[in-house]
Amino acid sequence: MKISLFNEKITFEKNTVTVDENANHKNEWSEYFTCHVYADTSGAKGEKESAGITVTESGLIFTLRFCKHGG
């Protein structure tokens, strides 16, 4: 695969639970790491009808060649 195709930037986020001063638990998303990927949208499946409702199904595949991350 050509490296020039890896031109989309993607950020992975990590979910953590934090506790505030009133002991309330909250889910928070924080940036984990960012890298470049190839985003393939050719996996789109189209539409289907389910229980009288038209549902659009789509596919998206990210290809990551290499990412040096110590997490």
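Residues numbered from 1 in each chain as written. Predicted model: local features only at pLDDT ≥ 70, side-chain atom pairs only at ≥ 80, totals over all residues. Heavy atoms only, no water.

Caption draft 1: Seen up close, unusual backbone geometry. In this structure, Ala 23 is a non-glycine residue whose phi angle is positive, near 65 degrees. Here Ala 23 shows up in the loop between strand S1 (8-19) and strand S2 (25-40). (Helix = DSSP H or I, 4+ residues; strand = E, 2+ residues; numbered from the N terminus.)

Caption draft 2: The environment of Glu 8, seen in detail. With respect to the element layout, Glu 8 can be found in strand S1. With relative accessibility at 41%, the residue Glu 8 sits in the partly exposed group. Put simply, Glu 8 and Val 37 are 29 residues apart on the chain and 5.3 Å apart in space, counted from C-alpha to C-alpha. With near-sequence residues (within four places) excluded, Glu 8 lies in contact with Cys 35, His 36, Val 37 and Ala 39. (Buried < 20%, exposed > 50% of the residue type's maximum accessible area, 1.4 Å probe, protein only. Contact = heavy atoms within 4.5 Å.)

Caption draft 3: Representation of the pairing of S1 within the structure. Pairing of S1 with S2, which is carried by 12 bridges, proceeds in the antiparallel orientation. Bridge assignment links Ile 10 to a residue of S2, and that residue is Cys 35. In sequence, S1 turns back onto S2 through a hairpin of 5 residues, with Ala 23 there showing a positive phi of about 65 degrees. (Pairing = 2+ DSSP bridges.)

Caption draft 4: Structural detail: the confidence of the model for the protein chain. Put simply, the protein chain has an average pLDDT of 82, and 90% of its residues get 70 or more. Here strand S3 (residues 46-50) stands out as the element of the protein chain with the lowest mean pLDDT, 70, in contrast to S1, whose mean of 91 is the highest. (pLDDT = per-residue confidence, 0-100.)

Caption draft 5: The packing of aromatic side chains, seen in detail. Inspection of every chain in the model, using the stated rule, returns 3 aromatic pairs. Look at Phe 12 and Phe 33: their rings are 4.9 Å apart centre to centre, the planes differ by 25 degrees, and that puts the pair in the stacked class. Here Phe 33 lies in strand S2 and Phe 12 lies in strand S1, a separation of 21 residues in the sequence. The exposure class assigned to Phe 33 is buried, which follows from its relative accessible area of 17%. An aromatic cluster of at least three residues, connected via ring pairs, comprises Phe 12, Tyr 32 and Phe 33. (Phe/Tyr/Trp six-rings, centres within 6.5 Å; stacked < 30°, edge-to-face > 60°.)

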